[in-house]
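Coordinate analysis (summary)
Here's the letter readout for the chains.
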Amino acid sequence: MKSLLHFLTRLLDVVSRLALWIGATGLFLMTAAVAWQVWGRFVLNDTPSWTEPVSLFLMLWFILLVAAVGVRERFHLGLDLFRDIVPEPVRVAMDLFSFVIVGVFGGTMAYYGMDLVRGTWAATIPVLNIPEGTSYLALVFSGVLIVLFSIERVLVLLVERRAQAGAEALAQAHADAALKLSQQTK
Amino acid sequence: AQAQQVTFRSSDTHPADYPTVQAVEFMSEILKKETDGRLSIQVFHSGQLGEERDTVQQTQFGVIDMLRVNLALLNNIAPITRVPGLPFLFRSEEHMYKVMDGEIGQEIMKALEPHGLVGLAYYDSGTRNFYNSRRPVRTLEDMKGLKIRVQQSDLFIDTMRALGANPTPMPFGEVYSGLQTGVIDGAENNWPSYHSTRHFEVSKYYSLSGHTMAPEILVMSKRSWDKLSAEDQELVRKAAQESVAKMRELWKEREAQSREAVIAAGAEIHEVDMDAFMKAVEPVYAKHVTDPQMQDMVERIRAVQ
Amino acid sequence: MELTVLFGTFAVLLVLGVPIAFVLAISSLATILYMGLPPLIVFQRMSSGMNAFALMAIPFFIYAGELMLRGAIAEKLVRLAAAMIGHLRGGLGLVNVTASTMFGGVSGSAVADASAVGGLMIPQMKKRGYDVDYSVNVTVTSGIIALMIPPSHNLIIYSISAGGMISIADLFTAGILPGLLLAVMLMVAAYWVARKRGYPAEAFPGWAMLGRIFVAAVPGLLLIAIIVGGVRSGIFTATESSMIAVVYALLITLLVYRSLSWSDFVIATTGAAKTTAMVLLVIGSAASFGWLLALLQVPTAMVELMQSVSDNPLIIFLLINLLLLVLGCFMDMSPLIIITTPIFLPVITYFGMDPVHFGIVLILNLGIGLATPPVGSLLFVGCAVGKIPIMQAVRTIWPFYLACIVTLLLVTYIPEISLFLPRVLG
Ligand code: NA
Ligand code: NA
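Residues numbered from 1 in each chain as written. Chains lettered and ligands numbered in written order. Predicted model: local features only at pLDDT ≥ 70, side-chain atom pairs only at ≥ 80, totals over all residues. Heavy atoms only, no water.

1. A short note on the overall build of chain C
Within chain C, the secondary structure is distributed over 22 helices and zero strands. Principal-axis analysis of the C-alpha atoms gives chain C an extent of 65 × 50 × 45 Å. Classification of the 426 residues of chain C by burial places 65% in the buried group. Across chain C, the fraction of contacts at a sequence separation of at least 24, relative to all contacts at a separation of at least 6, is 79%. For chain C, the exposed area adds up to about 13500 Å²; of that, 71% sits on carbon and sulfur atoms. (Helix = DSSP H or I, 4+ residues; strand = E, 2+ residues; numbered from the N terminus. Buried < 20%, exposed > 50% of the residue type's maximum accessible area, 1.4 Å probe, protein only. Contact = heavy atoms within 4.5 Å. Areas by Shrake-Rupley, 256 points an atom, 1.4 Å probe, with all protein chains shown as cover.)

2. Regarding the overall build of chain A
Scanning chain A from N- to C-terminus turns up five helices and zero strands. Start at the N end of chain A and walk to the C end: the helices and strands fall as α-α-α-α-α. Within chain A, buried positions represent 48% of all 186 residues. Here the contacts in chain A between residues at least 6 apart in sequence split such that 70% fall between residues at least 24 apart. Carbon and sulfur atoms make up 70% of the accessible area of chain A, which amounts to about 8800 Å² in all.

3. So, a nonpolar patch on the surface
All names here are of chain C. On the surface, a nonpolar cluster with roughly 640 Å² of combined accessible area is contributed by Leu 314, Ile 315, Leu 318, Leu 322, Ile 405, Leu 409, Tyr 413 and Ile 414. Taken together, the elements giving at least two residues each to the nonpolar patch come down to α16 (313-330) and α21 (398-413). The element that contributes the greatest number of residues to the nonpolar patch is α16, accounting for four residues. Checked against the element boundaries, Ile 405 lands in helix α21. (Patch = residues over 30% accessible without salt bridge, like charges linked within 9 Å, V, L, I, M, F, W, Y side chains within 5 Å. Salt bridge = Lys/Arg side-chain N within 4 Å of Asp/Glu carboxyl O.)

4. Structural notes on the interface of chain A and chain C
Many structure descriptions define interface size as the accessible area lost when the parts assemble. The partner chain C presents 60 residues to the 53 residues of chain A that form the contact. The largest contributions to the chain A side of the interface with chain C come from Leu77(A), Leu79(A) and Phe105(A), which together make up 14% of the buried area. Along the contact surface separating chain A from chain C lie two salt bridges. Put simply, Glu240(C) and Arg41(A) hold a salt bridge, and the shortest N to O gap is 2.7 Å. Counting across the chain A and chain C interface gives four residue pairs in polar contact (both at pLDDT 80 or more). For the side of chain A that touches chain C, the secondary structure elements donating two or more residues are α1 (2-42), α2 (51-73), α3 (88-120), α4 (133-160) and α5 (166-185) of chain A. Sorting elements by how many residues they give to the side of chain A that touches chain C places α1(A) first, with 13 residues. When its residues are assigned to classes, the side of chain A that touches chain C shows 38 nonpolar, nine polar and six charged. (Buried area = accessible area lost by both parts, 1.4 Å probe. Polar contact = N/O pair within 3.5 Å; in protein donor to acceptor, adjacent residues only side chain to side chain. Nonpolar A, V, L, I, M, F, W, Y, C, P; charged D, E, K, R; others polar.)

5. So, the sheet that holds strand β2 (residues 39-44) of chain B
Residue and element names in this part refer to chain B. Taking strand neighbours across the sheet as the criterion, the five strands line up as β2-β1-β3-β10-β4 in an open arrangement whose pairing is mixed. In this open sheet, the two edge strands, each paired with only one partner strand, are β2 and β4 (117-123). In this sheet, neighbouring strand axes are inclined to one another by 25° on average, regardless of whether the strands run parallel or antiparallel. The sheet contact formed by strand β1 (residues 6-11) and strand β3 (residues 66-70) spans two bridges and is parallel. When the sheet's bridge partners are listed, Ser 10 is paired in β3 with Met 66. (Pairing = 2+ DSSP bridges. Axes fitted to C-alpha atoms, helices over the stretch in contact; angles between N-to-C directions.)

6. Details of the environment of Pro215(B)
Residues and elements named next belong to chain B. By the secondary structure assignment, Pro 215 is in the loop between β9 (205-212) and β10 (216-221). The buried category is assigned to Pro 215, whose relative accessible area is 0%. C-alpha separation for the pair Pro 215 and Gly 126, spaced 89 residues apart in sequence, amounts to 7.4 Å.

7. Details of the pattern of salt bridges
The final tally for this structure, using the stated rule, is 32 salt bridges over all chains. With its nearest N and O atoms 2.3 Å apart, the salt bridge here joins Arg68(B) to Glu216(B). With Arg68(B) in strand β3 and Glu216(B) in strand β10, this pair connects stretches of sequence that are 148 residues apart. Assessed through its relative accessible area of 1%, Arg68(B) is described here as buried. Salt bridges sharing partners connect three or more residues here, namely Asp13(A), Arg72(A), Glu152(A) and Arg153(A).

8. With respect to the packing of aromatic side chains
According to the stated counting rule, one finds 26 aromatic pairs over all chains in the structure shown. Here Trp191(B) and Tyr206(B) contribute two aromatic rings whose centre-to-centre distance is 4.3 Å and whose plane-to-plane angle is 40°, an arrangement assigned as tilted. Highlighted residues: Trp191(B) in helix α8 (residues 191-196) and Tyr206(B) in strand β9, separated in sequence by 15 residues. Relative accessible area serves as the criterion here: at 0%, Tyr206(B) is assigned to the buried category. With a centroid separation of 6.4 Å and 70° between ring planes, the pair formed by Phe344(C) and Phe358(C) is classed as edge-to-face. Of this pair, Phe344(C) sits in helix α17 (residues 333-350) while Phe358(C) is found in helix α18 (residues 355-370), placing the two residues 14 residues apart along the sequence. (Phe/Tyr/Trp six-rings, centres within 6.5 Å; stacked < 30°, edge-to-face > 60°.)

9. Some thoughts on the packing of helix α11 (residues 168-197) of chain C against α21(C)
Residue and element names in this part refer to chain C. Viewed as axis vectors pointing N to C, α11 and α21 meet at an angle of 150°, and their least axial separation amounts to 9 Å. Here α11 lies roughly antiparallel to α21, going by the angle between them. For α11 against α21, the interelement crossing comes out right-handed. Each of Pro 178, Leu 181, Leu 182, Met 185, Leu 186, Ala 189, Ala 190, Trp 192 and Val 193 in α11 lies in contact with α21, whose residues at this interface are Trp 398, Pro 399, Phe 400, Ala 403, Cys 404, Val 406, Thr 407, Leu 410 and Val 411. Residues belonging to the contact of α11 with α21 are distributed by class as follows: 17 nonpolar, one polar and no charged. (Parallel < 35°, antiparallel > 145°, perpendicular 65-115°, else oblique. Left-handed = near helix turned anticlockwise from the far one by under 90°.)

10. Description of the interface of chain B and chain A
The interface of chain B with chain A comprises 19 residues on the first partner and 18 residues on the second. The salt bridge partner of Asp46(A) is Arg161(B), with a shortest N-O separation of 3.3 Å. For the interface between chain B and chain A, the tally reads 11 residue pairs in polar contact (both at pLDDT 80 or more). It is strand β7 (residues 166-169) of chain B that contributes the most residues to the side of chain B that touches chain A, four residues altogether. Class assignment for the residues of the side of chain B that touches chain A results in eight nonpolar, seven polar and four charged.

11. Remarks on the confidence of the model for chain C
Residue and element names in this part refer to chain C. Predicted confidence across chain C gives a mean pLDDT of 84, with 93% of residues reaching 70 or more. Of all the helices and strands in chain C, helix α15 (residues 298-307) carries the lowest mean pLDDT, 72, while α21 carries the highest, 96. Overall fold confidence for the complex sits at a pTM of 0.81, while the interface term, ipTM, reaches 0.86. (pLDDT = per-residue confidence, 0-100.)

12. Side note on the environment of Val15(C)
Position of Val15(C) relative to the elements: it lies in helix α1 (residues 2-15). In this structure, the C-alpha to C-alpha distance between Val15(C) and Ala169(C), residues 154 residues apart in sequence, is 44 Å. Ignoring anything within four residues of it in the chain, the contact list for Val15(C) reads Phe82(A) and Met94(A).

13. Section: the side chain of Gln58(B)
Note on placement: Gln58(B) falls in helix α2 (residues 52-60). Of the polar contacts made by the side chain of Gln58(B), one reaches the side chain of Gln44(C); its length is 3.3 Å.

14. Examining the environment of Ser308(C)
Among the structural elements, Ser308(C) can be located in the loop between α15 and α16. It is 22 Å that separates the C-alpha atoms of Ser308(C) and Tyr413(C), two residues lying 105 residues apart in sequence.

15. Points about the pairing of strand β8 (residues 186-189) of chain B
All names here are of chain B. In β8, alternate side chains face the same way, and those of Gly 186 and Glu 188 on one face and Ala 187 and Asn 189 on the other are all buried. Bridge analysis of strand β5 (residues 128-132) against β8 gives four bridges, and the strand direction is antiparallel. Bridge pairing in β8 places Phe 130 opposite Glu 188.

16. Some remarks on the nonpolar core
In this structure, Phe43(C) and Tyr134(C) are the most contacted members of the largest nonpolar core, which totals 230 residues. With 18 residues, the top contributor of residues to this core is helix α14 (residues 262-295) of chain C. Residues contacting Phe43(C), with those up to four places away along its chain left out, are Phe105(A), Thr108(A), Met109(A), Tyr112(A), Leu116(A), Leu139(A) and Leu29(C). Formed by 52 residues, the second largest nonpolar core is a distinct cluster that contains Ile80(B), Ile104(B), Leu146(B) and Ile301(B). (Core = buried A, V, L, I, M, F, W, Y, C linked by side-chain atoms within 4.5 Å.)

Next comes the structure, spelled out in structure tokens:
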């Protein structure tokens, strides 16, 4: 069981890093598109019309992909008030519930996202002339990732029976980042 | 089941006192009277339920029952809806009324049905004109190089380019400050919107180009429509038709008020060299009216006297 | 009953520690299912809620902030500010408010302002011994200033919701004094807390050192000049200026300071992507929650209730403020402006309030709502940048809320604060 979980974790490490990198690339390309828009309008006196819909398209995709990564890395903010003060077994139970319900929501998002994709495939995004459904496809990808990451987190919780308090986890994450930064500046 | 009360949810992005909103409220009154309150409409105005594009989808999926939307927003769903928005297609408002109230209007509504929308009535959106902050525009020469804000649509972009301007897509919310700081030189809209957006404060040269008259359309979700009995469908259609006259009356009043107000505030009104403008957009027709069905419709519209 | 499902699910999930973005979306989904509406509407509202052009300022300013942080621009700016007024106790709190006011003159988004200034200031304040909750509190509340100081797209939304009968130019000038008043009030709060907690006063480094620190900070200062100048002269829009900040930060750190390594760049970009995803997912989910509130006519019902209570204008204004503060706790700003403006405007004009004045009160009030839990995008951004739980920030924020509320009351009951400038300039 443990080695199977280990394998799953390593696989999802790759998947989530890939999603994060695609997302980061999307953010960078968005910057480039809007920069080109200003350049075109102000310098070339010929405003490109594709830059706005392209950057919106990129924004939706990168938010949804990276938001799924957030389920795994647990960077989405919640009300940690009670979570932080209850005893460890209760916290584990709360987290189990949380990941299960988020996972179910991810599945619902993928399912109805697909409905949206089908329902809007015939319509086109103005100017870009690609199906409107291609934006909603991001919901499907993100939903599937959320399901996978939630399953992994649930299994980890079941095996380890330990959950860090939110403040503790955040402090840990911050300490790691600070360490990285101080190593770099050296 | 006959006596069951139904309140249709209808969406509009315009504010409560806008003629389209008022017209649908009026339609609701008619329905209530005809059915002893069994059928009525609740209008969610001011875009409470979302932007126009989102509410089109909501109507298609049957989340909301009715929607007032500009025909331009349906262009990417049913290409034939592009036709009434073609530049300089209608000679006058009367010409447009005659076409849209006739069989051509019905044909366009039919084209929406496969996409989950049942057309009920056409409302006015007035005539759209250019305005800018740089200079009076009377000739094509005057249009040269002006950065004119347009909606995200190939047709509008190509039309503006054909007229010699630099079409500049920009989100609606940024247009006012864009005009003020000079990011853009102008925009285009009908009298009431030129007034209500306060764009006249920062862009005072208004040219009577009348380049497009794409009407508004009131549609019903096919899913909601199919739930109605044949008699109720007939009642809804009739009430919608009756609201059209009311809408046009309110619209005319509104247009006159706005026109007066912006002129009083210092806007300058200029006539344009219409023949030259019409000639300049011919390449737009060549590019966008390629499908034989559209070509045929354009010819029939031009033939309507 | 629909409302019981909506708020019941919301409360239960929130208490169980489910992330707020999912709480909002799941309670909307539960209610939609209960009402028998197509569930896909939740996901449509979510995606269009996070996909508006005006929101792009958020990822860009977050990204620029990350780059300035990794590329040491932030540090040089803060060092300058600290050298200038660091000898005041808690000087960096005052610097934070000042920076927010300056950024506010560039961006119309409180959230973008907080992410820019917070990304810049919070880590530096932390380094200099300020508690993170204090830094987050200052950042979060001073983000509201950006809504008041022009440009402000929210005031444009207000004008349009009011049927366009209100001059946007007037609204813009009307926001300046209330914005500055809020800045002063927040500085008072920041100074008071800093004294109480005994935050350090730094030694004055001497004029020669100050000169050197100033020269090193010039490229950073130029960013503000370039953004303000570029927007004012019409080269780019307010939204686009956030992209300019990213490009400028990249160029400066790569070519002038040569302080940005490839790994810095990757960390900055992925970090910005994460923070943006977190913030905009909440905004998207809040859009589906807000859509349901509109559909169930919650704001309308609440107003009707309020109107039946009193006919004294002073009490009505107070009630309107209270109601907006409560609504602002649960919903995001622009949907609330759009929904409440047509409802409140007739009421307030009936009671003799100027619509321009009301616009400023409305924006300030809903701005405060952005800084309050459980739904407050300003608060989320501040906590994400400061990397602390929301409750930790809220526990100590009350002096800053007090400053906001006092400003709100002054702005509500002294119309001249808003109307003086438009009258003089118009
Ligand atoms: Na601002
Ligand atoms: Na709030």
